[in-house]
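What follows is each chain in one-letter form.
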Amino acid sequence: DAGVIQSPRHEVTEMGQEVTLRCKPISGHDYLFWYRQTMMRGLELLIYFNNNVPIDDSGMPEDRFSAKMPNASFSTLKIQPSEPRDSAVYFCASSFDAGLLPSSYEQYFGPGTRLTVT
Amino acid sequence: AQSVAQPEDQVNVAEGNPLTVKCTYSVSGNPYLFWYVQYPNRGLQFLLKYITGDNLVKGSYGFEAEFNKSQTSFHLKKPSALVSDSALYFCAVRGGYNNNDMRFGAGTRLTVKP
């Protein structure tokens, strides 16, 4: 498997523009997570899905952020409108829960999208 | 809610010496504990986990960690550090099988000097 795939790897945009980040989880994984990483706040969980259904979005900073998972192999995180304080690295991760099987429970991370809002 | 503390922002060791990166946790119920490593401009990579069973778990690249329930700790160790081990290390916890809310520590930057 190619692992978790994220696109784009880098995004530079101007304040007020819409930004869409994309993620393809590992095939067979039933959980998908979106994180944001900054020097000041570390790694923050924004939202996670189970079987394409959002389970906990309490980490989404405000209404400007939205996430969807239309099917098991694709998710988006959208920021509209973007602001300079949204500049961060955004990670997508996926996992599956299956008893004591190897590779169960740990999250596998994508390479991240580095977002810069000017 | 569960939480993790990594008391050291930075750990410096000489190559060939043993290393320890500390982690303590707080969780109700049985903890699922994880260590991840992050190299520059990369995503987090899974190193090892404790779910149940033997308190000493072995993972990738010669790393191991010991689950200590009485001290609520899960310290990461390696007998002989390599310069290539220099990276950012994260401890994480989730509160068992039905709780997929993983909480990460702030990270510890490990520097191994030749």
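Our subject is the structure that appears above.
This write-up is about the structure you can find in this document. (Residues numbered from 1 in each chain as written. Chains lettered and ligands numbered in written order. Predicted model: local features only at pLDDT ≥ 70, side-chain atom pairs only at ≥ 80, totals over all residues. Heavy atoms only, no water.)

Thoughts on the overall build of chain A
Phase 1: Looking only at helices and strands, one finds zero helices and 11 strands in chain A.
Phase 2: Starting at the N terminus and walking to the C terminus, you meet the elements of chain A as β-β-β-β-β-β-β-β-β-β-β.
Phase 3: By the compact-globule yardstick of 13 Å for 118 residues, chain A fits well, its C-alpha radius of gyration being 14 Å.
Phase 4: Summarising its shape, the C-alpha atoms of chain A cover approximately 45 × 25 × 25 Å along the three principal directions.
Phase 5: On chain A, roughly 5800 Å² of surface is accessible, and the fraction owed to carbon and sulfur atoms is 52%.
Phase 6: Across chain A, the centroid of the 10 positively charged side chains sits 5 Å from that of the 14 negatively charged ones. (Helix = DSSP H or I, 4+ residues; strand = E, 2+ residues; numbered from the N terminus. Rg over C-alpha atoms; globule rule 2.2 N^0.38 Å. Areas by Shrake-Rupley, 256 points an atom, 1.4 Å probe, with all protein chains shown as cover. Lys, Arg positive; Asp, Glu negative; His and termini not counted. Charge placed at Lys NZ, Arg CZ, Asp CG, Glu CD.)

A closer look at the packing of aromatic side chains
Think of a pair of aromatic rings as described by two things: how far the centres are apart, and how the planes are tilted against each other in angle.
Phase 1: Applying the stated rule across the entire model yields 16 aromatic pairs over all chains.
Phase 2: Judged by centre distance (6.1 Å) and plane angle (25°), the ring pair of Tyr-25 of chain B and Phe-67 of chain B falls under stacked. Residue Tyr-25 of chain B is located in strand 4 (residues 24-26), and its partner Phe-67 of chain B is located in strand 8 (residues 64-68); the two are separated by 42 residues in the primary sequence.
Phase 3: Between Tyr-36 of chain B and Phe-104 of chain B the ring centres are 5.5 Å apart and the planes differ by 55°, which places this aromatic pair in the tilted class. Here Phe-104 of chain B lies in strand 11 (residues 103-104) and Tyr-36 of chain B lies in strand 5 (residues 32-38), a separation of 68 residues in the sequence. Each member of the pair Tyr-36 of chain B and Phe-104 of chain B is classed as buried.
Phase 4: A network of ring pairs unites the aromatic residues Tyr-31, Phe-33, Tyr-35, Tyr-48, Phe-91 and Phe-109 of chain A together with Phe-34, Tyr-36, Phe-46 and Phe-104 of chain B as a single cluster.
Phase 5: The ring of Phe-63 of chain B carries the charged tip of Lys-78 of chain B above its face, separated from the ring centre by 5.0 Å. (Phe/Tyr/Trp six-rings, centres within 6.5 Å; stacked < 30°, edge-to-face > 60°. Buried < 20%, exposed > 50% of the residue type's maximum accessible area, 1.4 Å probe, protein only. Lys NZ or Arg CZ within 6 Å of the ring centre and 35° of its normal.)

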